[in-house]
Amino acid sequence: MNVIDSQPYELLIGQRWTAGSQGHTFDTLNPATGQVLAQVHEASEADVDAAVRAAHEAYEKYWRKTTPAERGRLLRRLAALFERDREKIAWIETLNVGKPITHSLDSLKAMPSSLEYFAGIIPAVRGETIPVGDNDVLNFTLREPLGVCALITPWNYPMTLTVNKLGPALAAGNTVILKPSEVTPLSAMALARLFEEAGFPPGVVNVVNGQGATVGERLVTHSLVSRVSFTGGTVTGARIQASTASDVKRVTLELGGKSPLIVFADAPLDKAVAVAAGDIIKNSGQVCIACTRLLVQESVRDEFLGQLQQRLDTVRVGSPSDAATEMGPLVSAAQKKRVEKYIQLAGDEGATPAVHGNLLLDNATQPGFFVRPTLLLNSHNRMQSAQDEIFGPVQSVIGFRDEADALRIANDSRYGLAAVLFTHDGGRALRMARGLQSGSVAINTGVRTSFDAPFGGYKQSGIGKERGLEAIYENTQLKNVKYDMGV
Ligand code: NAD
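Residues numbered from 1 in each chain as written. Predicted model: local features only at pLDDT ≥ 70, side-chain atom pairs only at ≥ 80, totals over all residues. Heavy atoms only, no water.

A. Summary view of empty space enclosed by the protein. Under the definition given, this model contains 3 cavities of 30 Å³ or more. There is about 70 Å³ of room inside the largest cavity. Lining of the largest cavity is provided by 15 residues; of these, Pro260, Arg293, Ala410, Tyr415 and Ala418 occupy positions nearest its centre. Looking at the lining of the largest cavity, the elements with two or more residues in it are β11 (259-263), α13 (403-411), β18 (415-416) and β19 (418-422). Here the residues of the lining of the largest cavity sort into 7 nonpolar, 6 polar and 2 charged. Each pocket or cavity is described by its volume, and for the second largest cavity that value is around 50 Å³. Along its surface, the second largest cavity is lined by Gly257, Lys258, Gly285, Val287, Cys288, Ala290, Thr292, Glu389, Ile390, Phe391 and Gly392. Looking at the lining of the second largest cavity residue by residue, the classes come out as 5 nonpolar, 4 polar and 2 charged. (1 Å grid on protein atoms, 1.4 Å probe; cavity = no way out; pocket = protein on both sides within 12 Å on 5 of 7 lines; lining within 4 Å. Points joined across faces, edges and corners; volume = space filled by probe spheres on them. Helix = DSSP H or I, 4+ residues; strand = E, 2+ residues; numbered from the N terminus. Nonpolar A, V, L, I, M, F, W, Y, C, P; charged D, E, K, R; others polar.)

In structure tokens, the structure reads:
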């Protein structure tokens, strides 16, 4: 299937596909081969300004005046078009991100349902009447859109994160400017082409590509942008919070993580092993909620590790286009270098790196950015390798004595995105769920995010929630109105 354009991808500004005002392009790579996959036009500051103006005009002229039924109909049409093109978009993700094709197809399965879900909860964008002290006064609230929203995405799940931001933003009555990661912009371009076909008016969705420090910064600081929904690293998120503070903009930040997976001695070990292995294999460990600290009760540590290492030894690392591949490359040379640096650091800190899996590379994939699954045995939680987000197929293995010890170690992190625990003791599971400083907790299963449940981090993992009904609140503001009926 030929899914990549040979011409440079253009920006979408209002109703125009354009090369932008400066005509510059940048390369995007295939991480499995290290070769250039396509070229993409880079937005200038003037292009960003034009996109924001187009979104603002579309908001004022028509999008804010659409009825819930109209917005719902358009989102449902988009869902149907997405379903039609799902396989093509999955191949684009595989070629641009390096995800095995089986994983790309699987992770995009829920996207049409996500769009339909947000079409379906548009009726929740409503206020209420509130009895106040004076019976002559009718007091009610109006839930209103925010206006122009900037949606900024990272490279690890370009399409699912885009869809899960777009759906609620549009459902709530906002117009948007999407700024995909400069590392993996191609699937967003395939999605952008569907809006016109679905019947969305021009300017409701705009796409600008380019570097974060220039294009991203210009976008989030533009005075006509009222909300920024950002997913990416904690350092970038903090920067965006600072650069938007003087305008007191609404920001939602979905940031990094260093999630614990806690295995108690009474746990179903086979299930715990399957989830731990899945987290290191899936997307080569480049997953914000991946459990990268394995906390294992001392008495079952050897048994758990034996099973986990046996599973990891069988992992097939190779070409993402091959249906038999379980793990592809990392997204870029820079990410590979970063991960290898951390494995080296862990060794220097006293951990024992253990490398697993089989590299099945042919000549074409040989120069790609591959790293095999690596466990950092004999780690302790205060090591830098156990504190920093590495964002690759690497897990620190850390022992604990009892429940209190497990909770203390799990919470000893600047992050708080997700936590997983395995135990048959229901009381302990609930005590732990309460005590864990984490935006998501999963008991006896992995943290699988879904579009219909709220998701967001504690501590330096973020601010605000996306997905579920919470996403509608995040995309709207509430106005209180009083009417004196006695006048
Ligand atoms: P990143 O922070 O480098 O970049 C993310 C996006 O921000 C890119 O589009 C980039 O161009 C843009 N950007 C960079 N500087 C900017 C600025 N000053 N102003 C505006 N935009 C700017 O992140 P990344 O390396 O692409 O992604 C990996 C990170 O994303 C990891 O830390 C991971 O944990 C995190 N992540 C979090 C979640 C979540 O839901 N919490 C999900 C996926 C990934």
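B. Quick peek at the packing of helix α5 (residues 158-171) against helix α6 (residues 186-198). It is at 9 Å that the axes of α5 and α6 come closest, and there the two elements cross at 35°. Here the hand of the crossing between α5 and α6 comes out right-handed. Residue-level inspection shows Pro158, Met159, Thr162, Val163, Leu166 and Leu170 of α5 in contact with α6, the latter providing Ser187, Ala188, Leu191 and Phe195. When the residues that make up the contact of α5 with α6 are grouped by side-chain class, the tally is 8 nonpolar, 2 polar and no charged. (Axes fitted to C-alpha atoms, helices over the stretch in contact; angles between N-to-C directions. Left-handed = near helix turned anticlockwise from the far one by under 90°. Contact = heavy atoms within 4.5 Å.)

C. Fine view of the sheet that holds β19. The strand order across the open sheet built from 7 strands is β14-β16-β17-β12-β11-β19-β20, with neighbouring strands paired in mixed fashion. This sheet does not close on itself; its edge strands, each paired only once, are β14 (352-355) and β20 (440-443). Going across the sheet, the axis of each strand differs from the next one's by a mean of 20°, ignoring polarity. Seen against the sheet, helix α14 (residues 426-435) touches β11, β19 and β20 and runs at an angle of roughly 170° to β20. (Pairing = 2+ DSSP bridges.)

D. Spotlight on a nonpolar patch on the surface. Taken together, the side chains of Leu138, Tyr483 and Met485 present a nonpolar region at the surface, about 310 Å² in accessible area. Along the chain, methionine 485 turns up in the segment after β23 (476-484). Residue class for methionine 485 comes out partly exposed when judged on its relative accessible area of 45%. (Patch = residues over 30% accessible without salt bridge, like charges linked within 9 Å, V, L, I, M, F, W, Y side chains within 5 Å. Areas by Shrake-Rupley, 256 points an atom, 1.4 Å probe, with all protein chains shown as cover. Salt bridge = Lys/Arg side-chain N within 4 Å of Asp/Glu carboxyl O. Buried < 20%, exposed > 50% of the residue type's maximum accessible area, 1.4 Å probe, protein only.)

E. Spatial organisation of the site of the ligand. Around the ligand, a shell composed of 28 residues is seen, among which Lys179, Glu182, Thr236, Leu255 and Glu389 lie nearest. Measuring from an oxygen atom of the ligand, one finds a backbone N or O atom of threonine 153 at 2.8 Å. Separating an oxygen atom of the ligand from a backbone N or O atom of glycine 212 is a distance of 3.3 Å. For the ligand, whose free accessible area comes to 850 Å², the fraction covered by protein is 89%. (Near = heavy atom within 4 Å. Polar contact = N/O pair within 3.5 Å; in protein donor to acceptor, adjacent residues only side chain to side chain.)

F. Main features of the environment of valine 183. Within the fold, valine 183 resides in the loop between β7 (175-179) and α6. For valine 183, a relative accessible area of 28% corresponds to the partly exposed category. Each C-alpha atom of the pair valine 183 and glycine 456 lies 24 Å from the other, and the pair is 273 residues apart in sequence. Contacts of valine 183, omitting those with residues within four sequence positions, involve Thr28, Asn96, Trp155 and Val331.

G. Inspection of the layout of surface pockets at higher detail. Here the second largest pocket is characterised by a volume of approximately 270 Å³. Lining the second largest pocket are 14 residues, with Val275, Asp279, Lys282, Gly446 and Arg448 sitting closest to its centre. Looking at the lining of the second largest pocket, its residues break down into 6 nonpolar, 4 polar and 4 charged.

H. Geometry of the domain arrangement of the chain. Taken domain by domain, the chain comprises domain 1 (11-255 + 461-480) and domain 2 (259-451). Here domain 1 and domain 2 have C-alpha centroids that lie 30 Å from each other. Counting residues at the interface gives 33 residues for domain 1 and 31 residues for domain 2. The junction of domain 1 with domain 2 conceals about 2400 Å² of combined surface from both sides, 63% of it contributed by carbon and sulfur atoms. Among the residues of domain 1 in contact with domain 2, Ala32, Trp155 and Ser461 are the three that bury the most area, contributing 23% of the side total. Connecting domain 1 to domain 2 are 0 salt bridges. Along the contact surface separating domain 1 from domain 2 lie 8 residue pairs in polar contact (both at pLDDT 80 or more). Residue assignment for the side of domain 1 that touches domain 2 shows that the elements contributing at least two residues are α2 (68-97), α3 (101-108) and α4 (111-120). Here the side of domain 1 that touches domain 2 takes 5 residues from α2, the largest share from any one element. Taken together, the residues of the side of domain 1 that touches domain 2 sort by class into 15 nonpolar, 15 polar and 3 charged. (Domains from an automatic or database assignment. Buried area = accessible area lost by both parts, 1.4 Å probe.)

I. Representation of the pattern of salt bridges within the structure. Within the structure shown, the criterion is met by 25 salt bridges. A salt bridge links aspartate 266 to arginine 428; the shortest N-O distance between them is 3.1 Å. With aspartate 266 in the loop between β11 and α9 (269-281) and arginine 428 in helix α14, this residue pair connects regions lying 162 residues apart in the sequence. Judged by relative accessible area, aspartate 266 falls into the partly exposed class, the value being 28%. The structure contains a network of salt bridges with shared partners spanning Glu45, Asp49 and Arg218.

J. Spatial organisation of the side chain of threonine 423. Residue placement: threonine 423 occurs in the loop between β19 and α14. In this structure threonine 423 comes out as buried when scored by relative accessible area, which is 2%. Within the structure, the side chain of threonine 423 is placed 3.0 Å from the backbone nitrogen of aspartate 425, a separation counted as a polar contact. Beyond its immediate stretch of four places on either side in the chain, threonine 423 contacts Phe264, Asp266, Ala267, Arg428, Ala429 and Asn444.

K. Examining the pairing of strand β12 (residues 291-297) more closely. Counting buried positions over the 7 residues of β12 gives 7, a clear majority of the element. Pairing between β11 and β12: 5 bridges, direction parallel. Looking at β12, one finds that proline 260 is bridged to arginine 293. With respect to chirality, the unit in which β11 leads through α9 into the neighbouring parallel β12 is right-handed. Of the pairings in the sheet, the one linking β12 to strand β17 (residues 394-400) comprises 5 bridges and is parallel in character. (Right-handed = clockwise from strand over helix to strand, strands pointing away.)

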